[in-house]
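Inside the fold
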Amino acid sequence: MVRAVVGANWGDEGKGKITDMLGQSSDIIVRFQGGSNAGHTIINNYGKFALHLLPSGVFYGHTTSIIGNGVALNIPYLFREIQEIVKKGVPEPKILVSNRAQILMPYHILFDQYEEERLGGKSFGSTKSGIAPFYSDKYAKIGFQVSELFDDALLEEKTVRICEQKNVILKYLYHKPELDPKELLATLHEYRDMVAPYVCDTAAFLQEAIHEGKTILLEGQLGALKDPDFGIYPMVTSSSTLAAYGAIGAGIPPYEIKDIITVVKAYSSAVGAGEFVSEIFGEEADELRRRGGDGGEFGATTGRPRRMGWFDAVASRYGCRMQGATEVALTVLDVLGYLEEIPVCVGYEIDGKVTKEFPTTAALAKAKPVYEKLPGWKCDIRGIQTYEELPENCRRYVEFIEKELNVPITMVSNGPGREEIIRRNV
Ligand code: GDP
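This text gives an overview of the structure that appears in the document. (Residues numbered from 1 in each chain as written. Predicted model: local features only at pLDDT ≥ 70, side-chain atom pairs only at ≥ 80, totals over all residues. Heavy atoms only, no water.)

What follows is about the pairing of strand β16 (residues 327–331). For a regular strand, side chains alternate in direction, first toward one face of the sheet and then toward the other. The buried fraction of β16 amounts to 5 of the 5 residues, a majority that puts the element mostly inside the structure. Burial of the side chains of β16 extends over both faces: Glu327, Ala329 and Thr331 are buried on one face and Val328 and Leu330 on the other. As paired strands, strand β11 (residues 257–265) and β16 are joined by 5 bridges and run parallel to one another. Residue Ile261 lies in a different strand from β16, and its bridge partner there is Glu327. Sheet topology note: the β16/strand β20 (residues 409–413) ladder contains 3 bridges and is parallel. Note on β20: the bridge partner recorded for Leu330 is Val412. (Buried < 20%, exposed > 50% of the residue type's maximum accessible area, 1.4 Å probe, protein only. Helix = DSSP H or I, 4+ residues; strand = E, 2+ residues; numbered from the N terminus. Pairing = 2+ DSSP bridges.)

Time to look at the site of the ligand. Taken together, 19 residues sit near the ligand, with Lys15, Gly16, His40, Asp334 and Ser413 positioned nearest. Gly14 places a polar main-chain atom, nitrogen or oxygen, 2.9 Å from an oxygen atom of the ligand. A distance of 2.8 Å separates an oxygen atom of the ligand from a polar backbone atom of Lys15. Protein chains bury 96% of the 590 Å² of accessible surface belonging to the ligand in isolation. Assessed atom by atom at 2 Å from the grid points, the ligand resides in the second largest pocket. No other element matches the 3 residues that helix α1 (residues 15–23) contributes to the shell around the ligand. (Near = heavy atom within 4 Å. Polar contact = N/O pair within 3.5 Å; in protein donor to acceptor, adjacent residues only side chain to side chain. Areas by Shrake-Rupley, 256 points an atom, 1.4 Å probe, with all protein chains shown as cover. 1 Å grid on protein atoms, 1.4 Å probe; cavity = no way out; pocket = protein on both sides within 12 Å on 5 of 7 lines; lining within 4 Å. Sits in = over half its atoms within 2 Å of the grid points.)

This part is about the sheet that holds strand β10 (residues 216–223). Pairing is mixed in the open sheet, where 10 strands are placed in the order β9-β7-β5-β2-β10-β1-β11-β16-β20-β21. Two strands bound the open sheet, and with one partner strand each, they are β9 (199–200) and β21 (421–423). Direction of pairing for strand β2 (residues 28–31) relative to β10: parallel, over a ladder of 4 bridges. By the bridge assignment for β10, Ile28 is matched with Ile216. The strands touched by helix α8 (residues 243–250) within the sheet are β1 (2–7), β2, β10 and β11, with β11 carrying the most contacts at an inclination of about 125°. (Contact = heavy atoms within 4.5 Å. Axes fitted to C-alpha atoms, helices over the stretch in contact; angles between N-to-C directions.)

This is how it looks when you write it as structure tokens:
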């Protein structure tokens, strides 16, 4: 059985915690898109971890972690992450890397930085992890596939060819030092030696696992609103963040994905630039940011303060729809316990008309939030284990959101820890 854990919002919904929790009952956990440009924060018996490339299942002895073909594979980064968790006492995890994954090269990171410098104030708010240059190269068919590391003749020819092309841009567009093909080849040889023990045909491995009835979890990065097709283009990421892409990025049949657990945050937050209709500012935002997440809302990869906002029903419903949500996990509900009243964005006013449909970016830029205020519950709900024990106003908030989303909320998360979850039978 294949399940996916994906985000309905702009990322940082708390997917890491939900994946970590569901990992307990999974045999295999697969990363299928993105790279080390966003992170999950996970708190468990071994300590607190910010994972960027490793699937959240690495802490369990019984799971196999897979880096799927859809991932932007930064090999030294993967290596460092494995070493770091092992240093903190986590048993050596079982990791498989797709032979069809492509390699994030050192020059992808440089090109990301140079392009941001060139654009100055007009930049896309990239995390400068090389993700956009990586996916550009993959689709321009000048990327390096893991399998190619093991073909010496091909590698030699290709490094020369790629350097020729990259150096024109480095020299004339960015005025930066050029690449040396010999150095690049040496780097690729190092990468080959680092990754060799993990490489296999992961699609074949997964096919066999499905056949044997294993439980597989696909772990998404970022959220629906950062998807290049359906998100707030161009302020999006460069690989699809949707559960549907899980089939491609892992190499499994689409009809095998039976359950799409979509993580929705009880308020909004976003990192980087882009339209954000229910954004709040000033002291109101500072207070939510301070109280948010686990010790404040700051990016797991960049440490940047996250932009804050009220729950956006228009964006979240759309996010759930594009994910194909079969159930919703509502997270960080405990954070809202301090509020007398909680505004919820239930519509967008665009050119004097109110809509409940999430529009394309140009219209989104004109949208003003239409709020409905719900009464707060004014207490700490951490530690509560059953839905019935939640204060009435808290349940009303959950049920209001459920109605707006039109998807059953089967889990309510009321704290960052693995056990802090309330299951609902709906
Ligand atoms: P992800 O990328 O979707 O996994 O999200 P992040 O890990 O970047 O951000 C979620 C943050 O919220 C992390 O610091 C989590 O530890 C924390 N978190 C997750 N669920 C809850 C929750 O229910 N309550 C609180 N207070 N924090 C949570």
